[in-house]
Amino acid sequence: MAIWNRNTRASSSSDGASPHSDPEKVGHDYSKGGVIGTGETTAFNTDNNGVAIHEDHKHLHRGLKSRHITMIAIGGAIGTGLIIGTGKALAQSGPGSILIAYTLVGLLVYVVMTALGEMAAWIPHSSGFAGYATRFVDPALGFALGWTYWCKYIITAPNQLTASALIIQEWKSPKEVNPGVFVAVFLVTICLINYFGIKFFGELEFWLSTIKVITIVGVIFLSFLLAVGAGPNGEATGFKYYKKPGAFKAYIDKGATGKFYGFWASFVNAVFAYLGTELIGVTVGEAQNPRKTIPRAIKLTFYRILFFYCLAVFFLGMLVPYDSKELKFANSSKARASASPFVVAIKLAGIKHLPGILNACILLFTFSASNSDLYIASRTIYGLAEQGHAPKIFRWTDKRGVPVPALAISALFCCTAFMNVADDSTVIFGYFVNLTTIFGLLSWISLLVSHIFFVRARRAQGITNDQLAYTAPFGLIGSYIALFFCCLIALTKNFNVFTKGSYGSFDYKNFVTGYLGIPVYLICIFGYKFFMKSKMVKPHEADFYTGKDEIDREEEAFLAHQAEVKASGAKKGKSWFYKTFVAWLL
């Protein structure tokens, strides 16, 4: 156990990046806006792993190991959007459209993730990416991004809880057991998991995400076998369904116009399947040795996600025709596991019992998603409080570094899941989900804008690439291009309400709920600027140093402990199962 006081300075980092602690700039206050931090450098203890432990009840604890970060990042993007959501995309657009769309959107996600990685590796602060918007763009943008992102997750978390209850209906009908019972059990469970501390949460999410990865790998391998004729019926489908009924399905209209609509619909579906990948930006404040683990997770994670999504979608187009009667249920508001196109493929191949096993895996997917969604919501409002954008009470943490008030208020909103259990309320709740999904795209847009301002500011202040722990490979050009496409998709998200024949008449309900998120976001920005009189951050005035000194000292303490462990010849505590069956994936 070591004590690191305010006079202990970091002199180097593990990856060669200069800490660049500037005493003159520590403690920067933002002009009439939120405050990232006061610049105070408090003393802290270190635990048996060399991790900093603060006792001021204002800090999160860095309990997430490198393997936790990497696997949580992978698992955060692999969920029902891939296993179930691809059924809707296939039924609407055809196999060719979804293959192209998921690949292109995967590249878009890569640019967003690398932009986030460059900022997070410089200053892995617990305020998350809303803090980067406040620090480098405008406090108003940080305010709007933080609150809308929190709203997104206090809606998606109960939606995942409801999805879990619906999946159980594959075994127990609502007449036998009210779905509200399962919602209550899952809600209490995820609250306890988050309350037990970041180490417990990280370890559990690691293994849940591992199950996700193993399931997806198994599904891809099985899909390949079925495509080449190794299934019970012996039929090698190959590219049969690309020819008949076809690779591209007309949607809403006929002919080339209809096929373009179908392609764009798949593009929009792909975007929402990838949403959540950016959650790694929320974990940086609790990551051990973040300047090494975050860039590694970003570089490795995306390739795994792109591999999983693209291969899964590629084989899916070989196994299930888009006009299959089994896919009709995929467009239902209460799509269960039976709506999964992979379950349909297994049934068409004549494999017994396996659909039930996959159903159980999908249940773990939704449970894990609800657990991580509650975690993101609690850390997001904690970050808002840290910036001065939310009541100070939400910044309080217990001795384990758990922001209990932030967790409590987020869990309270998760109780809206009980509303979705009633059949007459699901339509209204669906509108809420439609309203908040736009916030996911807006978070990507805000991240890209923050990165653009970050790069401009560091260049203005003479901070070169070799001083950074990680640089985005596509730089400013990549962020500008990705920003254009994110804005385009956000504006055309609900394009079907404008086209003839989509609903017979103008669907004002879906129009309002699909686009209301944009004016709400803008009102948050300009409302904050009006009342708080905040100003846009100028490149030469951007603060690159507040809070960095403390993070540098935490990093030095951790690396010093690791060096001692290595010198003593002690073995690292990795399980045999992890080293044998999981580590190769990372």
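Rules behind the numbers
Residues numbered from 1 in each chain as written. Predicted model: local features only at pLDDT ≥ 70, side-chain atom pairs only at ≥ 80, totals over all residues. Heavy atoms only, no water. Helix = DSSP H or I, 4+ residues; strand = E, 2+ residues; numbered from the N terminus. Buried < 20%, exposed > 50% of the residue type's maximum accessible area, 1.4 Å probe, protein only. Contact = heavy atoms within 4.5 Å. Areas by Shrake-Rupley, 256 points an atom, 1.4 Å probe, with all protein chains shown as cover. Patch = residues over 30% accessible without salt bridge, like charges linked within 9 Å, V, L, I, M, F, W, Y side chains within 5 Å. Salt bridge = Lys/Arg side-chain N within 4 Å of Asp/Glu carboxyl O. Lys, Arg positive; Asp, Glu negative; His and termini not counted. Charge placed at Lys NZ, Arg CZ, Asp CG, Glu CD. Axes fitted to C-alpha atoms, helices over the stretch in contact; angles between N-to-C directions. Parallel < 35°, antiparallel > 145°, perpendicular 65-115°, else oblique. Nonpolar A, V, L, I, M, F, W, Y, C, P; charged D, E, K, R; others polar. pLDDT = per-residue confidence, 0-100. Core = buried A, V, L, I, M, F, W, Y, C linked by side-chain atoms within 4.5 Å. Polar contact = N/O pair within 3.5 Å; in protein donor to acceptor, adjacent residues only side chain to side chain. Phe/Tyr/Trp six-rings, centres within 6.5 Å; stacked < 30°, edge-to-face > 60°.

1. Here we look at the overall build of the chain
Tallying secondary structure elements over the chain gives 22 helices and three strands in all. In the chain, which comprises 586 residues, the proportion classed as buried is 59%. The contacts in the chain between residues at least 6 apart in sequence include a share of 82% that link residues at least 24 apart. Carbon and sulfur atoms make up 64% of the accessible area of the chain, which amounts to about 23,700 Å² in all.

2. Considerations on a positive patch on the surface
Where like charges cluster on the molecular surface, the positive patch consists of K292, R296, K299 and K566. Per element, the largest residue contribution to the positive patch is three residues, and it comes from helix α12 (residues 290–319). Take R296: it is sitting in helix α12.

3. Re the pattern of salt bridges
For the coordinates displayed, the defined rule picks out eight salt bridges. In this structure, D138 engages K529 in a salt bridge whose closest nitrogen and oxygen atoms are separated by 2.7 Å. A residue pair is termed long-range when its members are at least 10 positions apart, and D138 in the loop between α5 (128–136) and α6 (139–168) and K529 in helix α20 (residues 517–532) qualify at 391 residues. Judged by relative accessible area, K529 falls into the partly exposed class, the value being 25%. A salt bridge links E386 to R395; the nearest nitrogen and oxygen atoms lie 3.8 Å apart.

4. Brief notes about the packing of helix α3 (residues 85–93) against helix α10 (residues 255–274)
Close contact between α3 and α10 brings their axes to 8 Å; oriented N to C, the two are set at 170 degrees. Our classification of the angle between α3 and α10 gives roughly antiparallel. Together, K88, A89, Q92 and S93 of α3 and G262, A265, S266 and N269 of α10 make up the contact between the two elements. Classifying every residue of the contact of α3 with α10 gives two nonpolar, five polar and one charged.

5. Considerations on the confidence of the model for the chain
This prediction gives the chain a mean pLDDT of 81; 82% of its residues lie at or above 70. Mean pLDDT across the elements of the chain ranges from a minimum in strand β1 (residues 3–4), with 47, to a maximum in helix α15 (residues 404–413), with 95. Of the regions scoring below 50 in pLDDT, residues 1–40 engages in 104 contacts with residues more than four places distant in sequence or in other chains.

6. Focus: the nonpolar core
Counting residues in each nonpolar core, the largest one holds 166 residues, and the members touching the most others are Y102, Y132, Y274, I280, W444 and F544. Counting residues per element, this core draws most heavily on helix α4 (residues 95–122), which supplies 16 residues. Aside from chain neighbours lying at most four places away, what touches F544 is W122, R135, F136, F454, A457, R458, Q461 and I463.

7. Description of the side chain of S372
Within the secondary structure, S372 is located in helix α14 (residues 354–387). Separated by 3.1 Å, the side chain of S372 and the backbone oxygen of A369 make a polar contact. Setting aside chain neighbours within four positions, we find S372 in contact with F201 and E205.

8. What to know about a nonpolar patch on the surface
There is a patch of nonpolar side chains on the surface, built from V188, L192, Y195, F196 and F200 and spanning about 470 Å² of accessible area. The element best represented in the nonpolar patch is helix α7 (residues 179–195), accounting for three residues. Locating F196 in the fold gives a position in the loop between α7 and α8 (198–227). The class for F196 is partly exposed, based on a relative accessible area of 43%.

9. Some thoughts on the packing of aromatic side chains
What characterises a pair of aromatic rings is the spacing of the ring centres plus the angle enclosed by the ring planes. A complete count under the given rule lists 30 aromatic pairs for this structure. With a centroid separation of 6.0 Å and 25 degrees between ring planes, the pair formed by Y102 and Y309 is classed as stacked. Here Y102 is found in helix α4, whereas its partner Y309 is found in helix α12, with 207 residues between them in sequence. For the pair shown, Y102 and Y309 are each scored as buried.

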